[in-house]
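Working through the structure, step by step
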Amino acid sequence: MSAASSLLSEEQFLCSICLDVFTDPVSIPCGHNFCKNCITQHWDINAPCRCPLCNKLFNRRPELHVNTFISEMAAQFRKLAQMKASSCPDQRCAKPGEVSCDVCTGTKLKALKSCLVCLASYCETHLEPHQRMTGLKRHKLIDPVENLEGRMCKKHDRPLELFCKTDQMCVCLLCTVLDHKSHRFVPLKEGCEGKKTELGKTEAEIQQKIQERRLKIQEIKHSVELSEEDADREIADSVRVFTALMQSVERGQAELIETIQEKQKTTEKQAEGFIKELEQEISELMKRTAEMEQLSRTEDHLHLLQSFPSLNTPPHTKDWTEVSVHCSSYEGTVRRAVAQLEETLRKEMEKLLDVELKRVQQYAVDVTLDPDTANPTLILSDDGKQVKDGDVKKNLPDNPERFSVYPCVLGKQSFSSGRFYYEVQVQWKTWWGLGVTRGSVNRKEKIPMSPKKGSWTIWFWKGNEYAAFADSPVQLFLKSKPQKVGVFVDYEEGLVSFYDVHAAGLIYSFTGCTFTEKLYPFFSPSLDRGGDNSAPLIITPVNHTDQTDDLFEMDGVTFS
């Protein structure tokens with residue numbers, strides 16, 4: 001059979017309907033052979049019965065019987081094809097994700113081409129008729145693809161061969177004269193080139209986004225590293241500070257105990273001296289008493305009369321009536337020691353606040369005033385750094401951003417993340433307000449002065465009163481009148497702090513805030529008040545101090 005198979009052509013054992021090696025081959029009266037199932041289905045669909053090859057008409061449907069000889073030969077060729085496929089790298093079995101031959105039975109081989117006319121994919125063996133037979137050679141072959149039905153027009157059952165630029169879709173030839181009449185069409189290849197260009201642009205944009213996100217990852221990682229460094233520094237400083245404070249407390253306690261004990265020792269030493277002196281006098285008096293008792297019992301009259309003058313005179317003793325032991329007073333000792341400790345803590349707190357202020361100054365930003373938000377009575381400098389009340393309402397557009405009732409103005413800059421800091425000179429003013437506010441704050445009514453209404457501010461009025469407008473106003477008692485106020489915001493931490501820049505002191509902090517939108521610097525120079533409050537609020541440059549100045553010493557320990 002091997003020799004015979006080499007003499008016979010494989011095409012003699014291919015069914016002209018399924019183009020595969022015969023399965024249960026049958027011969028019909030005209031002499032042509034087909035798979036039994038193929039010819040049966042053909043005649044079930046097409047009537048009357050004709051030969052698919054020679055078109056011979058049969059008056060009645062022929063009775064079909066399997067041709068055992070051809071069946072055996074076809075089995076041999078099928079086996080030979082499988083052996084050939086296993087020995088040829090291009091004829092390997094289709095792996096998951098690869099297109100398989102639609103004709104292969106049993107083990108599916110990898111397809112080499114797909115036919116857009118047959119709507120089937122073929123391995124090397126089953127592709128051979130398309131490379132040899134004249135009619136099949138005219139079929140359009142492409143690299144193997146899945147879902148060939150998707151390449152057919154669902155409406156007209158024709159290949160999708162053109163691209164409608166008007167509707168941005170693939171169409172068949174019938175579509176061009178029916179559903180897409182007067183539309184613009186280009187060949188699929190040309191349409192592909194245009195889309196490839198668009199894809200190139202989109203890919204470039206995606207690559208740009210990828211690069212931006214990689215840079216953002218690096219930025220975030222760097223921020224985490226900086227945060228870790230800050231945390232380590234803060235922990236180290238806190239350990240040193242509290243260690244020094246505890247040592248100072250322990251030393252103060254030890255000094256207090258020593259002072260009290262020294263006082264007690266002095267009292268005891270004085271008492272011991274008095275007791276010793278008293279005991280000596282008692283001893284002398286008892287001695288005199290014994291001599292007098294002995295003399296009183298004598299029978300020697302002469303001796304008694306001779307000794308009487310010296311014994312009858314009391315021995316010299318100290319007058320102890322006004323003598324007493326001075327008990328040390330400890331009233332106020334502990335209080336004075338605690339007061340001294342408080343003073344030490346106050347001085348160290350001032351040093352810590354000085355360092356804190358210098359650190360927040362690192363987040364200084366350049367803030368300028370936004371004239372579109374300024375109340376019509378306000379006068380802004382040309383550089384946008386100063387504002388005061390002009391006491392005269394100017395004719396300005398009442399745009400939504402403008403404060404209409406109270407003399408307020410916002411900064412142009414907005415912040416929705418991170419930290420920022422700016423300083424404002426308030427010297428010579430008797431009324432003012434500073435802080436930050438939400439962008440959505442109501443600007444057409446009385447100024448909202450609480451976090452619930454979107455503002456975190458502190459105010460100074462009547463020349464001597466300060467308050468932080470929390471949900472309930474908090475009166476502030478300051479030791480000195482600030483000349484310059486620093487405003488610091490940590491968006492993620494929910495913190496708004498105000499500093500007396502010259503005194504390096506903390507005025508007030510809003511903590512635990514929740515920010516959900518952009519924040520704007522807020523300024524109110526208040527009314528002119530007959531010239532009493534005519535001085536402007538001035539946004540000043542931040543004087544960055546050299547980091548070496550951040551060092552200070554406490555209890556012999558240096559902190560940064």
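Residues numbered from 1 in each chain as written. Predicted model: local features only at pLDDT ≥ 70, side-chain atom pairs only at ≥ 80, totals over all residues. Heavy atoms only, no water.

1. So, the packing of helix α7 (residues 188–296) against helix α8 (residues 301–312)
- Two elements in contact, α7 and α8, have axes separated by 11 Å at closest approach and are oriented at 155 degrees. In terms of axis orientation, α7 runs roughly antiparallel to α8. Taken as a pair, α7 and α8 cross one another with a handedness that is left-handed. Here α7 contributes R288, E291, M292 and L295 to the contact with α8, which in turn contributes H303, L304, S307, F308, S310 and L311.
- Residues belonging to the contact of α7 with α8 are distributed by class as follows: 5 nonpolar, 3 polar and 2 charged. (Axes fitted to C-alpha atoms, helices over the stretch in contact; angles between N-to-C directions. Helix = DSSP H or I, 4+ residues; strand = E, 2+ residues; numbered from the N terminus. Parallel < 35°, antiparallel > 145°, perpendicular 65-115°, else oblique. Left-handed = near helix turned anticlockwise from the far one by under 90°. Contact = heavy atoms within 4.5 Å. Nonpolar A, V, L, I, M, F, W, Y, C, P; charged D, E, K, R; others polar.)

2. Describing a negative patch on the surface
- On the surface, E225, E228, E229 and D232 cluster together into a negatively charged patch.
- By the element assignment, E225 lies in helix α7.
- By relative accessible area, E225 is classed as partly exposed at 45%. (Patch = residues over 30% accessible without salt bridge, like charges linked within 9 Å, V, L, I, M, F, W, Y side chains within 5 Å. Areas by Shrake-Rupley, 256 points an atom, 1.4 Å probe, with all protein chains shown as cover. Salt bridge = Lys/Arg side-chain N within 4 Å of Asp/Glu carboxyl O. Lys, Arg positive; Asp, Glu negative; His and termini not counted. Charge placed at Lys NZ, Arg CZ, Asp CG, Glu CD. Buried < 20%, exposed > 50% of the residue type's maximum accessible area, 1.4 Å probe, protein only.)

3. Observations concerning the sheet that holds strand β5 (residues 141–142)
- Spatially, the 3 strands line up as an open sheet ordered β4-β3-β5, and their pairing is antiparallel. Only two strands of the sheet have a single partner each, and these edge strands are β4 (120–122) and β5.
- In terms of strand pairing, strand β3 (residues 113–115) meets β5 through 2 bridges, oriented antiparallel. Across the sheet, residue C115 finds its bridge partner in β5, namely L141. (Pairing = 2+ DSSP bridges.)

4. Here we look at the environment of K165
- Mapped onto the elements of the fold, K165 is located in the loop between β6 (162–164) and β7 (169–171).
- For K165, a relative accessible area of 34% translates into the label partly exposed.
- Through-space distance from the C-alpha of K165 to that of F415 is 45 Å; in sequence the pair is 250 residues apart.

5. Details of the side chain of S450
- Structurally, S450 can be placed in the loop between β13 (432–438) and β14 (455–461).
- Ignoring anything within four residues of it in the chain, the contact list for S450 reads S455, F469, A470 and D471.

6. What to know about the pattern of salt bridges
- One pass over the full model with this rule turns up 19 salt bridges.
- Note that R213 is salt-bridged to E212, the shortest N-O span being 4.0 Å.
- Residue classification places E212 among the partly exposed positions, given a relative accessible area of 40%.
- When the shortest N-O distance is used, the salt bridge between R233 and D230 registers 3.1 Å. Taken together, the residues span about one helical turn, with R233 and D230 both in helix α7 at a distance of 3 residues.
- Of the residues examined, R233 reaches a relative accessible area of 31% and is grouped as partly exposed.
- With relative accessibility at 27%, the residue D230 sits in the partly exposed group.

7. Examining the pairing of strand β21 (residues 537–540)
- What you see with β21 is no split at all: L537 and I539 on one side and I538 and T540 on the other are buried throughout.
- The pairing of strand β10 (residues 386–389) with β21 spans 2 bridges and is antiparallel. Its bridge partner being in β21, Q386 is matched across the sheet by I538.
- Here strand β12 (residues 419–425) pairs with β21 via 3 bridges, running antiparallel. Paired with Q425 across the bridge in β21 is I538.

8. Section: the sheet that holds strand β15 (residues 465–469)
- The strand order across the open sheet formed by 6 strands is β11-β20-β13-β14-β15-β16, and the pairing between neighbours is antiparallel. Here the strands that pair on one side only, and so sit at the sheet edges, are β11 (409–410) and β16 (473–476).
- Note: β13 against β14, 6 bridges, orientation antiparallel. Paired with V436 across the bridge in β14 is W456.

9. A few points about the environment of E348
- Take E348: it is sitting in helix α9 (residues 333–360).
- In the structure, E348 is positioned 77 residues away from Q425 in sequence and 27 Å away in space, judged by C-alpha atoms.

10. Quick word on unusual backbone geometry
- Although it is not a glycine, S182 sits at a positive phi angle of roughly 70 degrees.
- Although it is not a glycine, S526 adopts a positive phi angle of roughly 65 degrees.
- Structurally, S526 can be placed in the loop between β20 (519–524) and β21.

11. Brief notes about α9
- Counted at 1.5 Å a residue, the expected span for α9 with its 28 residues is 40 Å, and the 40 Å between its end C-alpha atoms agrees.
- Of all the residues in α9, the buried ones are T333, E348, L353, V355, L357, K358, R359 and V360. (Expected span 1.5 Å × (residues − 1).)

12. Some thoughts on the pairing of strand β18 (residues 495–500)
- When you tally the buried positions in β18, you get 5 out of 6 residues, the bulk of the element.
- The sheet contact formed by strand β17 (residues 484–490) and β18 spans 6 bridges and is antiparallel. Bridge pairing in β18 links V487 to F498.
- Between the end of β17 and the start of β18, which pair antiparallel, lie 4 residues, with G494 showing a positive phi angle near 70 degrees.
- In this structure, β18 lies alongside strand β19 (residues 505–510), joined through 5 bridges in antiparallel fashion.

13. A word on the confidence of the model for the chain
- Residues with a pLDDT of 70 or more make up 93% of the chain, whose mean pLDDT is 85.
- A low-confidence stretch, residues 1–7 (pLDDT under 50), is modelled with 4 contacts involving residues beyond four sequence positions or located in other chains.
- In this model, residues 546–560 is a region of pLDDT below 50 whose contacts with residues beyond four sequence positions or in other chains number 39 contacts. (pLDDT = per-residue confidence, 0-100.)

14. Things to note about the packing of aromatic side chains
- In this structure the tally under the stated criterion is 16 aromatic pairs.
- On the numbers, 6.0 Å between centres and 45 degrees between planes, the contact of Y363 with F488 is tilted. A residue pair is termed long-range when its members are at least 10 positions apart, and Y363 in the loop between α9 and β9 (378–380) and F488 in strand β17 qualify at 125 residues.
- Judged by relative accessible area, Y363 falls into the partly exposed class, the value being 28%.
- Residue F488 is classed as buried on the basis of its relative accessible area, which comes to 6%.
- Note on W432 and F460: the rings are 5.9 Å apart at their centroids and 40 degrees apart in plane angle, and the pair reads as tilted. Of this pair, W432 sits in strand β13 while F460 sits in strand β14, placing them 28 residues apart in sequence. (Phe/Tyr/Trp six-rings, centres within 6.5 Å; stacked < 30°, edge-to-face > 60°.)

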